[in-house]
Amino acid sequence: MRVLVIEDDQRLARLIARVLEEEHYQVDLAYEGATGLELVLRGIYDVAIIDWMLPERDGPSICRAVRLARVPTALLLLTARGQVEDKVAGFASGADDYMVKPFAFEELLARVRALSRRFLPLTGGELQELRLGELVLDLRAHTARRGLRTLDLTPTEWNLLEYLLRHTGQTLSRQQILDYVWSYEQDVQPQMVDVYVSYLRRKLNGPGERDPITTVRGVGYRLEANLV
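Quantities reported herein were computed from a predicted structural model and do not represent experimental measurements.

1. Things to note about the side chain of Asp-51
- Structurally, Asp-51 can be placed in strand 3 (residues 47-51).
- Judged by its relative accessible area of 5%, Asp-51 falls in the buried class.
- A distance of 3.0 Å separates polar atoms of two side chains, one belonging to Asp-51 and the other to Lys-101.
- Discounting chain neighbours no more than four positions away, the residues touching Asp-51 are Ile-6, Glu-7, Asp-8, Gly-59, Leu-77, Leu-78, Thr-79 and Lys-101.

Written out as structure tokens, the structure reads:
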């Protein structure tokens, strides 16, 4: 699951990221409101954790913009304001949940998990794996396999396969893949997508196994839904 943290206290932001990454979430950081809004509007995040007081654009205005754009990301608003009227204003701006600082990281993790259950296409509780035929990405153990064969994936290959599995049967453009896998990196060219798809194919496809990734000429790639 992919999480965006928009928090101008860089020490706190990095600490939140570390806690989430220990639970195998993929985390991006933004330290001011305008950049954070630009990132969340890409629609590649499952949850955004947003501080109320931010440079350039505050948390409630980010929430309003995200809801106006109909981006389905779950929004968790952080603030030192704990009055009832502040909570009402936060929810009115479009936030899905609200936490008052200081908070326990155990509670933050619990709230992120709860939001994931509400907003991800789950069946039977929290999503634990992505599966296509014998191709399995275990999100809890952070392991990948095809049949009985374990796939030794780099972090970039893992993110690429996760994105393809979350959009099985859909043609994804190189730019869409670039925005998800390399979202916060500068000067990454679309050709890098082709390079890493090639790397991923080498690891996915053993002797006699069908290549599940289709190249859509002039557009991008599609993970076929009828893999057997």
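2. Comments concerning unusual backbone geometry
- The residue after Lys-101, namely Pro-102, is reached through a cis peptide bond having omega -10 degrees.
- Its location among the elements puts Pro-102 in the loop between strand 5 (97-100) and helix 5 (105-119).
- Residue Glu-56 is not a glycine yet carries a positive backbone phi of 75 degrees.
- Along the chain, Glu-56 turns up in the loop between strand 3 and helix 3 (59-68).

3. Observations regarding the packing of helix 6 (residues 155-166) against helix 8 (residues 191-204)
- Running from amino to carboxyl end, helix 6 crosses helix 8 at an angle of 85 degrees, the nearest separation of the two axes being 10 Å. Between helix 6 and helix 8, the interaxial angle falls into the category roughly perpendicular. Taking contact as the criterion, the partners of Thr-156, Glu-157, Leu-160, Leu-161 and Leu-164 in helix 6 are, on helix 8, Tyr-196, Val-197, Tyr-199, Leu-200, Lys-203 and Leu-204.
- The residue inventory of the contact of helix 6 with helix 8, partitioned by class, reads eight nonpolar, one polar and two charged.

4. Describing the sheet that holds strand 8 (residues 143-146)
- Spatially, the four strands line up as an open sheet ordered 6-7-8-9, and their pairing is antiparallel. The open sheet has two free edges, formed respectively by strand 6 (129-132) and strand 9 (149-151), since each of these has just one partner strand. Averaged over all pairs of adjacent strands, the angle between their axes in this sheet comes to 20 degrees, without regard to strand direction.
- The pairing of strand 6 with strand 7 (residues 135-138) spans four bridges and is classified as antiparallel. Considered in strand 7, the bridge of Leu-130 is made with Leu-137.

5. Overview of the sheet that holds strand 10 (residues 171-173)
- Taken in spatial order, the three strands of this open sheet run 10-12-11, and their pairing is antiparallel. The open sheet has two edge strands, strand 10 and strand 11 (213-216), and neither has a second partner. Across the sheet, the mean angle separating the axes of adjacent strands is 30 degrees when strand polarity is ignored.
- In the sheet, strand 10 pairs with strand 12 (residues 220-223) via three bridges, with the strands oriented antiparallel. When the bridges of strand 12 are listed, Leu-172 appears paired with Tyr-221.
- In this fold helix 7 (residues 174-181) packs onto strand 10 and strand 12, with an angle of close to 75 degrees to the strand it touches most, strand 10.

Calculation rules
Residues numbered from 1 in each chain as written. Predicted model: local features only at pLDDT ≥ 70, side-chain atom pairs only at ≥ 80, totals over all residues. Heavy atoms only, no water. Helix = DSSP H or I, 4+ residues; strand = E, 2+ residues; numbered from the N terminus. Buried < 20%, exposed > 50% of the residue type's maximum accessible area, 1.4 Å probe, protein only. Polar contact = N/O pair within 3.5 Å; in protein donor to acceptor, adjacent residues only side chain to side chain. Contact = heavy atoms within 4.5 Å. Axes fitted to C-alpha atoms, helices over the stretch in contact; angles between N-to-C directions. Parallel < 35°, antiparallel > 145°, perpendicular 65-115°, else oblique. Nonpolar A, V, L, I, M, F, W, Y, C, P; charged D, E, K, R; others polar. Pairing = 2+ DSSP bridges.

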